[in-house]
Amino acid sequence: MKALLDWIDHRTGSKKLLHELLFENVPGGARWRYAWGSTLIFCFAIQVITGIFLWLAYSPSSQTAWESVYFIQHQMWGGWFVRGLHHYTAQAMTVLLALHLMQVVIDGAYKAPREINFWTGVLLLLLVLALSLTGYLLPWDQKGYGATAVATGIVGIVPGGGYLERLLIGASTYGHHTLTRFFALHAGIIPGAIIAFIVAHVYLFRRHGLTPKLPKKKPDAAFWPDQVFRDAVVCLAVLVVIVFFNIRSHGAGLDAPADPSEPYPARPEWYFLFLFQMLKLPIFKGHLGEIVGAMLVPAVVMAVVIAMPYIGRTVRGHRFNLGFLWASLGAMAALTYMAMNDDRNNPSFQADVQAAKRQAERVIALAGNGIPTTGAITLLRNDPLTQGPKIFALNCASCHRFDGHDGLGVVSKEAIKGADLKDFASREWLAGLLDPERVDSLHYFGGTKAKGGKMSKFVKDDVAGFDALQKAELVKGIAALSAEAGLKSQKAIDQRDDALILEGRKLLVGDSLTCVDCHEYRGVGDTSVAPDLTGYGSREWLIAFISDPSHPRFYGARNDRMPSFATEKILTPQEIGLVTDWIRREWYEPNKP
Amino acid sequence: MVPSSLPPHPDRRNFLTKAAAVVIGGVVTLIPAAAGLLVFFDPLRRKSDAGGFVRVGTLSAIPENGVAQKVQVLKTKTDVWNVVPDEPVGAVYLQRIAPGKVRALNAKCPHAGCFVNFKPGENKFHCPCHDSTFAMDGQILNPKSPSPRPLDELEVQLRAPDGTVTPDGTEVYVKFQNYRVGLKNKEPA
């Protein structure tokens, strides 16, 4: 072993290097307060390690970025843990950088001859923030996409910024090349620059030595082992905090895949919130204000920080630097608090956050069955549970209701002009329609032309007068008619009542219930007076109905005001299918454990 | 490094501090590295696509004179997160060898995985990569062939249109499977 080490040393000078690394002079002996710089190197090392493993599973394109991150997060062994480490270490790094900067300024460690070292440190701070910004986009989820789009959009507002923005995002709009560029920056160019500047930073630091905290309490000592031990303990503490946050939230969040056509409450990562909030201040309103707020103010702050070594030379310079630093940090903290407080007290923002959360949970449940090559966004776009309520709210809810609301939970004050379609064609729903008390209620015909019409009269006059036998027949008829719909929610009772349903079918065309006096059912009767009941409420029937309620098979010329959604090209066939499936409660339910 | 005076060398009483520094330093680096390795080894726990029977065509599409007919195999392909139905995943050569009996050979050469061609005039298979030739039943023809084993034969079922397995069936089903190349024995890939 010794021979091998000697052999290596002879050729590389490794012993001298190691000696220099370990036996650096620590003025006044080891102290806990000297450990902050090391924690940053440690965090960077975690990011390199976890980053490389994430890189091995990540695929930067707009159809695979979210999908590969989903796979890391939800399918791979320990994937969530590694991704979470990467995520929370990035945040820890921002906090530690702020602490490091504060310490350097407080101790006056930026003063001559350490100016260049101070500047490399400031540059490293900016590079780490650039890493955060580029990394935020990579999962290509709503959150990263929304926040990054705002950031690159700001680049675009300065004169000539349009070109800059296009260069940055690789196209005129976000897409594959935005991801490849951000990924190359995030995993290659910026880390490479950081390594180079860390080398310079540490070299210069070693050249000038630690800035001792005076007065020295103890004699000078070597870096090894006392200071190394303290550094290791502090790094362990940092790691414990990171792991705590990681486990508590089960890794980093993953929102629904990026979709520019969906509203999303975009916010930057918390340590950029102050910038976001600052731009909302009245003085930064307008185009010029935005340029000043987003570019000029941060640039002036950075310029002052960079000038600190020179300012610090003057009589009150050091105090000014300290004051400036505290004022800046205080302003950032205040703005961050304002931003969080605004959001906390903004119910519509909170509702949007909840909606986004539901969307994310839904797409993750759907992705468990495999994702089409068009990307996970297709899963949501083809999902009745996701799209149905939106289509309903936009196109149906001006007349209809769904359990009293518009499909999305909003209760309109406008008068109801159509039936409430929750559980449409179920036994319960039909029983209500055929109830003399309820037929003309707003839940059914109340708001329509059919109020007081033939069906309404039939229910209120004839059904109201049904004898016990007819009432029993009606129950069977309802069961049979409801079974036409083939609802998933009634599958069990439809199967159980097989015999009863067969009986009910006969009764529907019989003389007692008199349905076919007006309706057609399975070839008996005709539709000149009322809609066809064959297949009532089934997928095919409902699609045909929504497509064209004025068709002779349904209301014909008697149609009140319902548009023919397909014939008038208001909705696409796919949209009609989605809203139909949603009304019929036909959507994929993941097996709950 | 320009310390004014060289610091004193540590003595042995520092042993505990040294050991603790090394152990803690090791632990904090090991945690992210070990977690990362776990993710890296994830592919080892995933099973290869089980080779169920897939329909590759009708019996009438295979020439009656025993000539091999190349057909694409379409099946649901799982590629990490993507699940793609009816995706071409490979090809097989089908031959009628007796009434109600069909032979299926995987078109992938067992040597290095190149696509093997059928030479209709010579009634043999030829691999363009290293000149291996195989007989109609898949056996190695040329003694200098680098292939370690004959072409991989796959299980075939004839099924009626309703799906029942019968020698009179008109639909050809193959249990498609790729085998690892370069090995003497057939090992599912």
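Our structure's up above, just so we're on the same page.
Our subject in this report is the structure included herewith. As the structure is a prediction and not an experimental result, all values here were calculated from the model.

**Here we look at the overall build of chain B**
A tally of regular secondary structure across chain B gives one helix and 10 strands. Starting at the N terminus and walking to the C terminus, you meet the elements of chain B as α-β-β-β-β-β-β-β-β-β-β. By the compact-globule yardstick of 16 Å for 189 residues, chain B is too spread out, its C-alpha radius of gyration being 28 Å. Once the C-alpha set of chain B is aligned to its principal axes, its extents read approximately 95 × 45 × 25 Å. Buried residues in chain B amount to 20% of all 189 residues. Of all intrachain contacts in chain B linking residues separated by at least 6 positions in sequence, the fraction that spans at least 24 positions is 44%.

**Details of the packing of helix H6 (residues 115-137) of chain A against helix H7 (residues 142-155) of chain A**
Residue and element names in this part refer to chain A. Taken N-terminus to C-terminus, the directions of H6 and H7 make an angle of 130 degrees; their axes are 7 Å apart at the nearest point. The pairing of H6 with H7 is recorded here as oblique in orientation. Of the residues in H7, those in contact with Leu133, Tyr136 and Leu137 of H6 are Gly144, Tyr145, Ala147, Thr148 and Ala151. Its residues placed into classes, the contact of H6 with H7 shows six nonpolar, two polar and no charged.

**Overview of the interface of chain A and chain B**
Buried accessible area, meaning the area lost when the parts come together, often serves as the stated size of an interface. Contacts between the two partners involve 42 residues from chain A and, on the opposite side, 31 residues from chain B. Mapped by element, the contributors of at least two residues to the side of chain A that touches chain B are helix H3 (36-55), helix H4 (65-74), helix H5 (79-106), helix H9 (176-208), strand S2 (221-222) and helix H10 (223-248) of chain A. Ranked by residue count, the leading element in the side of chain A that touches chain B is H10 of chain A, at 10 residues. Counted by class, the side of chain A that touches chain B contains 27 nonpolar, eight polar and seven charged residues.

**A word on the nonpolar core**
All names here are of chain A. Cys43, Tyr70, Met93, Val238 and Ala376 are the most contacted members of the largest nonpolar core, which totals 86 residues. Broken down by element, the residue count for this core peaks at 13 residues, all from H5. Excluding residues within four positions of it along the chain, cysteine 43 makes contact with Thr89, Ala92, Met93, Leu96 and Val238. Ranked by size, the runner-up nonpolar core spans 47 residues in total, among them Cys396, Phe424, Leu430 and Leu533.

**Observations concerning the sheet that holds strand S5 (residues 117-119) of chain B**
Residue and element names in this part refer to chain B. Read across the open sheet, the three strands follow the order S5-S6-S7; overall the sheet is antiparallel. Bordering the open sheet on either side are S5 and strand S7 (133-134), each of which pairs with just one other strand. In this structure, strand S6 (residues 124-126) lies alongside S7, joined through two bridges in antiparallel fashion. Pairing of histidine 126 across the sheet is with threonine 133, part of S7.

**Focus: helix H19 (residues 468-485) of chain A**
Residues and elements named next belong to chain A. An ideal rise of 1.5 Å per residue puts 26 Å on 18 residues; H19 measures up with 27 Å between its terminal C-alpha atoms. Looking only at H19, the buried set comprises Glu473, Leu474, Lys476, Gly477, Ile478, Ala479, Ala480, Leu481, Ser482, Ala483, Glu484 and Ala485. Where H19 is buried, its residues contact helix H17 (427-433), helix H20 (491-496) and helix H21 (498-508). The positive-phi residue at the C-terminal boundary of H19 is glycine 486, with phi of around 60 degrees.

Reading the values: the criteria
- Residues numbered from 1 in each chain as written.
- Chains lettered and ligands numbered in written order.
- Predicted model: local features only at pLDDT ≥ 70, side-chain atom pairs only at ≥ 80, totals over all residues.
- Helix = DSSP H or I, 4+ residues; strand = E, 2+ residues; numbered from the N terminus.
- Rg over C-alpha atoms; globule rule 2.2 N^0.38 Å.
- Buried ≥ 20, exposed ≤ 12 C-beta atoms within 10 Å, placed from the backbone.
- Contact = placed C-beta atoms within 7 Å.
- Axes fitted to C-alpha atoms, helices over the stretch in contact; angles between N-to-C directions.
- Parallel < 35°, antiparallel > 145°, perpendicular 65-115°, else oblique.
- Nonpolar A, V, L, I, M, F, W, Y, C, P; charged D, E, K, R; others polar.
- Core = buried A, V, L, I, M, F, W, Y, C linked by C-beta atoms within 7 Å.
- Pairing = 2+ DSSP bridges.
- Expected span 1.5 Å × (residues − 1).

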